[in-house]
Structures are given as structure tokens and as C-alpha cells.
Amino acid sequence: MRLNRAFTEKQPAAIARRLSRGMAVVALGLALATTGCTKRVDVRGNKPDPDMLRTLVEDKLTREEVTQILGTPSTVALFTNETWLYISQTTEAIAFLEPEVVEQTVVVVQFSDSGEVASVDTLGVEDGRLVSLSEKTTPTLGNELGAIQQMIGNIGRFNVDQ
């Protein structure tokens, strides 16, 4: 009878310990699962401040002054030095999923012949055009060899004297 009483007195404490451990494991699992699902935001490029962009046209700034205010452009027009592009993109990704473009901005700064800002335009994702890529490949000279042919073909090609 005494043994049975000791067993029943210790049993609720053991159950409580097991439950608290189980709850801790479940809480840890939920915490890890929710941190894996948080959004990862990635900002790339040079996104100028909209207030700064307004001052560019109003003040008729030069190239050097634009560089001091906005920094160096992401790219310059291919054939002339009269158009500067500031390109930025913001993407969001959840866990292992493919990143999604949330915002994409291209600021086009055009200069006049005298070197002052002529116009500033801001383009977004909606202004872009989809381009289909060509799947053609350039043929190369030579033979298409398999892995075994390559290994057998290399036997005896090594020069030990060097």
C-alpha cells in the first residue's frame, strides 16, 4: 500500500514535467517553422529619392552636380553620353520559393547639348516589355565524346619527362 501511494504522489509531477518538455519542443518547432516563412526582402541598384529628382530639372544641374546628388548611374546610354539610367529592383522571397519582383524602377536622366539636365523620367515594371529569348546554339568543331571515350582517349597522353 505504501509503494502504491508513493507512485501516485510522484506520477502528477512526472506527467507535468513530460507535458512541459513536450510543450517546449512544440513551441521550438513552431518558432523554427515561422522563421523559415518570413519574407526576405532584397533591394538592388540605385533608387534615387523622388524629392531629389524634382530638383534636377528645376535647377538645370550639370552632369557633375547630378553625380554628386544621385551618385554614379547604373548605366549610360550605349551610343551617346546624353542619357543616364539609374536602375533599382526590390524583390521578396519566402523560404525557398522563387523571388518575386515587387518594385522595379528605372530613372532616365537626359542631358541637353549644353550638358544640363533636360528631362527626368521614371519608368516602372508596367513600362517594360517581355523579350523572348532565342534557344539557338552555336555549333562547335570537334567530336562529341562520352565520358568513357574521353578517359580511354587520354591513356598515354601524359609526358613524364617534364
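Residues numbered from 1 in each chain as written. Predicted model: local features only at pLDDT ≥ 70, side-chain atom pairs only at ≥ 80, totals over all residues. Heavy atoms only, no water.

*Asks:* Sorry, what's going on with a nonpolar patch on the surface here?
*Replies:* Residues Ile148, Met151, Ile152 and Ile155 make up a contiguous nonpolar surface patch of about 480 Å² in total accessible area. Take Ile148: it is sitting in helix α4 (residues 147-153). Using a relative accessible area of 58% as the deciding quantity, one classes Ile148 as exposed. (Patch = residues over 30% accessible without salt bridge, like charges linked within 9 Å, V, L, I, M, F, W, Y side chains within 5 Å. Areas by Shrake-Rupley, 256 points an atom, 1.4 Å probe, with all protein chains shown as cover. Salt bridge = Lys/Arg side-chain N within 4 Å of Asp/Glu carboxyl O. Helix = DSSP H or I, 4+ residues; strand = E, 2+ residues; numbered from the N terminus. Buried < 20%, exposed > 50% of the residue type's maximum accessible area, 1.4 Å probe, protein only.)

*Asks:* Looking at this model, I keep getting lost on the packing of helix α2 (residues 50-58) against helix α3 (residues 63-70). Mind explaining?
*Replies:* Two quantities define a packed helix pair, namely the angle between the axes and the distance from one axis to the other. Two numbers describe how α2 lies on α3: the axes approach to 11 Å, and their chain directions differ by 170°. Here α3 runs roughly antiparallel to α2, going by the angle between their axes. In contact with Met52, Leu53 and Leu56 of α2, α3 contributes Val66, Ile69 and Leu70. Residue classes in the contact of α2 with α3 are distributed as 6 nonpolar, no polar and no charged. (Axes fitted to C-alpha atoms, helices over the stretch in contact; angles between N-to-C directions. Parallel < 35°, antiparallel > 145°, perpendicular 65-115°, else oblique. Contact = heavy atoms within 4.5 Å. Nonpolar A, V, L, I, M, F, W, Y, C, P; charged D, E, K, R; others polar.)

*Asks:* Quick question: what am I supposed to make of the pattern of salt bridges here?
*Replies:* Once their charged atoms are close, side chains differing in charge can pair, the charge on each being opposite to the other. Under the criterion given, the structure shown has 5 salt bridges. The salt bridge partner of Glu103 is Lys47, with a shortest N-O separation of 2.6 Å. Taken together, the positions of Glu103 in strand β4 (residues 100-111) and Lys47 in the loop between β1 (39-45) and α2 put the pair 56 residues apart, joining distant regions of the chain.

*Asks:* Can you help me understand the side chain of Ser88 in this one?
*Replies:* Following the sequence through the fold, Ser88 ends up in strand β3 (residues 83-94). A residue is classified by how much of its surface remains accessible, and Ser88, at 6% relative accessible area, is buried. With residues near it in sequence (within four places) discarded, Ser88 still touches Arg44, Gly45, Asn46, Lys47, Glu103, Gln104 and Thr105.

*Asks:* For this particular structure, what's the right way to read the packing of aromatic side chains?
*Replies:* Given two aromatic rings, their pairing is described by the distance between the two centres and the angle made by the two planes. The full count for this structure, using the stated rule, is 1 aromatic pair. Summarising the aromatic geometry, the rings of Trp84 and Phe111 are spaced 4.8 Å apart at their centres and angled 70° between planes, so their arrangement reads as edge-to-face. Within this pair, whereas Trp84 is found in strand β3, its partner Phe111 is found in strand β4, the two being separated by 27 residues in sequence. Neither residue differs from the other here; Trp84 and Phe111 are each classed as buried. The ring of Phe111 has Arg63 sitting right over it, with the charged end atom 4.9 Å from the ring centre. (Phe/Tyr/Trp six-rings, centres within 6.5 Å; stacked < 30°, edge-to-face > 60°. Lys NZ or Arg CZ within 6 Å of the ring centre and 35° of its normal.)

*Asks:* Got a minute to help me understand the nonpolar core in this structure?
*Replies:* One recurring pattern in soluble globular proteins: nonpolar side chains tend to sit buried together. Core analysis: the biggest nonpolar cluster contains 11 residues, these being Leu53, Leu56, Leu61, Val66, Leu70, Trp84, Tyr86, Val107, Val109, Phe111 and Val117. Those elements that provide at least two residues to this core are α2, α3, β3 and β4. (Core = buried A, V, L, I, M, F, W, Y, C linked by side-chain atoms within 4.5 Å.)

Purely geometric numbers; function is a separate question.
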